[in-house]
Amino acid sequence: MVLHIFDFDGTLYKKDSMLDFIRLVHSSKLKYYLINFMFIPTFLLRLLNLISFETYKSRFIKMHFKGVNRNLLNDFSKVFKSRFSDSLFPGVKDF
């Protein structure tokens, strides 16, 4: 499965939409923080400029969405829109 994610922070959404969406997808804060903890080696590789930003972001997304199917992501996107609509700029809410 190929997953296309568009992150429009500052254009459509007032905050970091990707992090808010990832927090929504994870059933517990513990899981969210454990995955971020496991991501530290990749973060360090990026910090040392040993991997590209594209590789860094790709690994981050893969780690957080591993095992989540397309239908579930679709459901979460609808929940995200309703739950976080206050963070969307006015014209986006009708989309």
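Each remark here, short or long, concerns the structure printed above.
Residues numbered from 1 in each chain as written. Predicted model: local features only at pLDDT ≥ 70, side-chain atom pairs only at ≥ 80, totals over all residues. Heavy atoms only, no water.

A. Quick look at the nonpolar core. The biggest cluster of nonpolar side chains holds 19 residues, and the ones touching the most others in it are Phe21, Ile22, Val25, Phe65, Leu73 and Phe80. When contributions to this core are tallied by element, the ones reaching two or more residues are α1 (17–25), α4 (53–65) and α5 (70–83). Here this core gets 5 residues from one element, more than from any other, and that element is α1. Non-local contacts of Phe21, meaning those with residues more than four positions away in its chain, are made with Phe65, Leu73, Phe76, Ser77 and Phe80. (Core = buried A, V, L, I, M, F, W, Y, C linked by side-chain atoms within 4.5 Å. Buried < 20%, exposed > 50% of the residue type's maximum accessible area, 1.4 Å probe, protein only. Helix = DSSP H or I, 4+ residues; strand = E, 2+ residues; numbered from the N terminus. Contact = heavy atoms within 4.5 Å.)

B. Region of the structure containing the environment of Ser82. Looking at the secondary structure, you find Ser82 in helix α5. Of the residues examined, Ser82 reaches a relative accessible area of 54% and is grouped as exposed.

C. Quick peek at the packing of aromatic side chains. Within the structure shown, the criterion is met by 6 aromatic pairs. Measuring from centroid to centroid gives 5.1 Å for Tyr32 and Tyr33, while their planes differ by 75°, and the two rings are edge-to-face. Measuring from centroid to centroid gives 5.2 Å for Phe39 and Tyr56, while their planes differ by 50°, and the two rings are tilted. Within this pair, whereas Phe39 is found in the loop between α2 (29–38) and α3 (40–47), its partner Tyr56 is found in helix α4, the two being separated by 17 residues in sequence. Of the residues examined, Tyr56 reaches a relative accessible area of 18% and is grouped as buried. Through a chain of ring-to-ring contacts, three or more aromatic side chains come together here, namely Phe39, Phe53, Tyr56 and Phe60. (Phe/Tyr/Trp six-rings, centres within 6.5 Å; stacked < 30°, edge-to-face > 60°.)

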